[in-house]
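Next come the chains, spelled out residue by residue.
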Amino acid sequence: MVDALLRRRLLFVAGKGGTGKSTLAAALALLAARRNKRVLCIEIDAKGSLPACLGSGPVGFEPRVVQPNISCLSMHAEESLQEYLRLYFKVPRFTRMTPLARVFEFVATGVPGTKDMLIVGKIAYEEKRRDGERPHWDIIIVDSEATGHVLPQLNAARAMMDLAKGGIIRSQTVWIDEMLADPERTALTICALPEEMPAVEAIELHDRARTETRIAIGACFLNRTFPQLVTARSVRTLESAASAEHLDEARKRLGGDPAGVVVGAQLALRLADASAKYSRRLREQMTCPVLEVPVQAGVRSGLAITRQVATALEQTA
Ligand SMILES: Nc1ncnc2c1ncn2[C@@H]1O[C@H](COP(=O)(O)OP(=O)(O)OP(=O)(O)O)[C@@H](O)[C@H]1O
Ligand SMILES: [Mg+2]
């Protein structure tokens, strides 16, 4: 399943805040790099969490190598405009940005979709880079902003096509829109958690992406699932063994109070039930495969957790 995703040239990882977008984008990057692909990771919100997931400090607008075969860049709409002007209209790169920054703010706030178009334009520019015949990047993985922003970005080229009826802008936007709509080249992936709001938002994003954009939905990651470690029956047995009636015996056998063990088992049961419930719900309501990514308990953050999530992803059927 992961191989099918990694065959694409461009993957967007989207979903509600905190669902694991940066971690999963980084884990996909590691898996692609392991397959000897040259990977570019793009962080849209410039928070620095994507490079952190790959064991690096913050990165800028120019791609920087963060792991073998993996480079990372942080998106910046204003720098993107500068690059655009430099490439297509031969405007030199400004050292003093102030006047251009003002013009930029004016245009970007006045013309709807300008910032989105610059973001998508930069992604497309990187996709198009070539070393001779060969693409400069084999795969580009985009850590998207929270749900609200991703749809306008995916539609920015189409919206721009309606504005620009001819010329260089028109031909670029047509090309970008075709790339995004090509299921062989591009896919959207959606992150969810086994909790109500993240799951609802994931389904909503799935439905809206299907009706409002032309992008293919490659997979939904149900992240931080909990394994079925105990059964309802074993929890009942444990509860009864620790009940007032048998408490002395239980204390003796455990060498302490059994309450913590009981609560642990009850919690494990509840978390596993929630994982199963949301997994079912997402599978029923989504047209794409749902890949479960188990919660990683041993490590906290950074590259260590990304590595574990990558290994877990590889193992999901
Ligand atoms: N499978 C997992 N097991 C345990 N912890 C996880 C797992 N996936 C992600 N995390 C942790 O959950 C937190 C949120 O993950 P992450 O930053 O990737 O989410 P995000 O969707 O990118 O958040 P934001 O919307 O703030 O950008 C991080 O601390 C991350 O290390
Ligand atoms: Mg993030």
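See the structure printed just above.
Notes on the structure in this doc start here. None of these values were measured; they are calculated from a predicted model.

Focus: helix H7 (residues 147-163)
Thought 1: Compared with the 24 Å implied by 1.5 Å per residue over 17 residues, the 25 Å span of H7 between its first and last C-alpha is a close match.
Thought 2: Of the positions making up H7, those classed as buried are Thr 147, Val 150, Leu 151, Gln 153, Leu 154, Ala 156, Ala 157, Met 160 and Met 161.

Describing the site of ligand 1
Thought 1: Neighbouring residues of ligand 1: 17 residues in total, closest Lys 21, Thr 23, Lys 47, Asn 223 and Gln 296.
Thought 2: In the model, an oxygen atom of ligand 1 is placed 3.0 Å from a nitrogen or oxygen of the Gly 20 main chain.
Thought 3: Here an oxygen atom of ligand 1 sits 2.5 Å away from a polar atom, N or O, in the side chain of Thr 23.
Thought 4: Isolated, ligand 1 exposes 630 Å² of accessible area, and the fraction of that covered by the protein chains is 78%.
Thought 5: The pocket occupied by ligand 1, as judged from atoms lying within 2 Å of grid points, is the second largest pocket.
Thought 6: Of all elements in the fold, only helix H2 (21-34), strand E9 (217-225) and helix H13 (302-315) reach the threshold of two or more residues within the shell around ligand 1.
Thought 7: Residues of the shell around ligand 1, tallied by class, amount to four nonpolar, eight polar and five charged.

Concerning empty space enclosed by the protein
Thought 1: A full pass over the atoms with the stated rule returns one cavity of 30 Å³ or more.
Thought 2: Estimates place the volume of the largest cavity at around 60 Å³.
Thought 3: For the largest cavity, the full set of lining residues is Leu 154, Asn 155, Arg 158, Asp 177, Leu 180, Ala 181, Thr 213, Arg 214 and Ile 215.
Thought 4: Breaking the lining of the largest cavity down by element, the ones donating at least two residues are H7 and helix H8 (167-181).
Thought 5: Class assignment of the residues belonging to the lining of the largest cavity gives a composition of four nonpolar, two polar and three charged.

Side note on the side chain of Thr 213
Thought 1: Topologically, Thr 213 is positioned in the loop between helix H9 (196-212) and E9.
Thought 2: One polar contact links the side chain of Thr 213 to the main-chain carbonyl oxygen of Ala 209, over a distance of 2.6 Å.
Thought 3: A distance of 3.3 Å separates a polar side-chain atom of Thr 213 from the backbone nitrogen of Ile 215.

Thoughts on unusual backbone geometry
The bulk of non-glycine residues show a negative phi, and the bulk of peptide bonds are trans.
Thought 1: Phi angles above zero are rare outside glycine, and Asn 36 is one such case at about 65°.
Thought 2: By the element assignment, Asn 36 lies in the loop between H2 and strand E2 (39-43).
Thought 3: For Asn 36, a relative accessible area of 63% translates into the label exposed.
Thought 4: With a phi angle near 70°, Asn 69 is a residue other than glycine that sits in the positive phi range.
Thought 5: Of note, Asn 69 is situated in the loop between strand E3 (64-67) and strand E4 (70-74).
Thought 6: With relative accessibility at 33%, the residue Asn 69 sits in the partly exposed group.

Describing the pattern of salt bridges
Thought 1: In total, this model carries 14 salt bridges according to the counting rule given.
Thought 2: Across the salt bridge formed by Arg 185 and Asp 182, the nearest N and O atoms sit 3.0 Å from each other.
Thought 3: The exposure class assigned to Asp 182 is partly exposed, which follows from its relative accessible area of 23%.
Thought 4: Here the salt bridges do not stand alone but share partners, grouping Asp 3, Arg 34, Arg 35 and Glu 314 into one network.

Comments concerning the pairing of E2
Thought 1: Burial within E2 is extensive, with five of its five residues counted as buried.
Thought 2: Residue alternation in E2 divides its side chains into two sets, Val 39, Cys 41 and Glu 43 and Leu 40 and Ile 42, and both sets are buried.
Thought 3: Across five bridges, E2 lies against E4 in parallel orientation. Note on E4: the bridge partner recorded for Ile 42 is Leu 73.
Thought 4: When E2 meets strand E7 (residues 139-143), the two strands line up parallel, connected through five bridges. Bridging from a neighbouring strand, Glu 43 pairs with Asp 143 of E7.

Things to note about the packing of aromatic side chains
Thought 1: Following the criterion strictly, the structure yields zero aromatic pairs and no others.
Thought 2: Its end group placed over the ring of Trp 175, Lys 128 keeps NZ or CZ at 4.2 Å from the ring centre.

Quick look at H9
Thought 1: With 17 residues, H9 should cover 24 Å at 1.5 Å per step; its first-to-last C-alpha distance of 24 Å lies within 8% of that length.
Thought 2: Three or more residues of H9 are buried, namely Pro 198, Ala 199, Ala 202, Ile 203, Leu 205, His 206 and Ala 209. The arc that holds every buried residue of H9, seen down its axis, measures 160°, which confines them to one face.
Thought 3: Turning to H9, the residues buried within the fold contact strand E1 (10-15), H7, strand E8 (186-192), E9 and helix H12 (259-285).

Quick notes on the nonpolar core
Thought 1: Among the nonpolar cores identified, the biggest contains 43 residues, and Leu 10, Phe 12, Ile 42, Ile 123, Val 142, Leu 188 and Leu 282 are the most heavily contacted of them.
Thought 2: In terms of residue count, H7 provides more of this core than any other element does, six residues in total.
Thought 3: With near-sequence residues (within four places) excluded, Val 142 lies in contact with Leu 10, Leu 11, Phe 12, Val 13, Ile 42, Ile 44 and Ile 123.
Thought 4: Core analysis: the second largest hydrophobic core is formed by 37 residues, Leu 6, Ala 25, Ala 187 and Ala 310 among them.

The rules behind each value
Residues numbered from 1 in each chain as written. Chains lettered and ligands numbered in written order. Predicted model: local features only at pLDDT ≥ 70, side-chain atom pairs only at ≥ 80, totals over all residues. Heavy atoms only, no water. Helix = DSSP H or I, 4+ residues; strand = E, 2+ residues; numbered from the N terminus. Expected span 1.5 Å × (residues − 1). Buried < 20%, exposed > 50% of the residue type's maximum accessible area, 1.4 Å probe, protein only. Near = heavy atom within 4 Å. Polar contact = N/O pair within 3.5 Å; in protein donor to acceptor, adjacent residues only side chain to side chain. Areas by Shrake-Rupley, 256 points an atom, 1.4 Å probe, with all protein chains shown as cover. 1 Å grid on protein atoms, 1.4 Å probe; cavity = no way out; pocket = protein on both sides within 12 Å on 5 of 7 lines; lining within 4 Å. Sits in = over half its atoms within 2 Å of the grid points. Nonpolar A, V, L, I, M, F, W, Y, C, P; charged D, E, K, R; others polar. Points joined across faces, edges and corners; volume = space filled by probe spheres on them. Salt bridge = Lys/Arg side-chain N within 4 Å of Asp/Glu carboxyl O. Pairing = 2+ DSSP bridges. Phe/Tyr/Trp six-rings, centres within 6.5 Å; stacked < 30°, edge-to-face > 60°. Lys NZ or Arg CZ within 6 Å of the ring centre and 35° of its normal. Arc of directions from axis to C-beta. Contact = heavy atoms within 4.5 Å. Core = buried A, V, L, I, M, F, W, Y, C linked by side-chain atoms within 4.5 Å.

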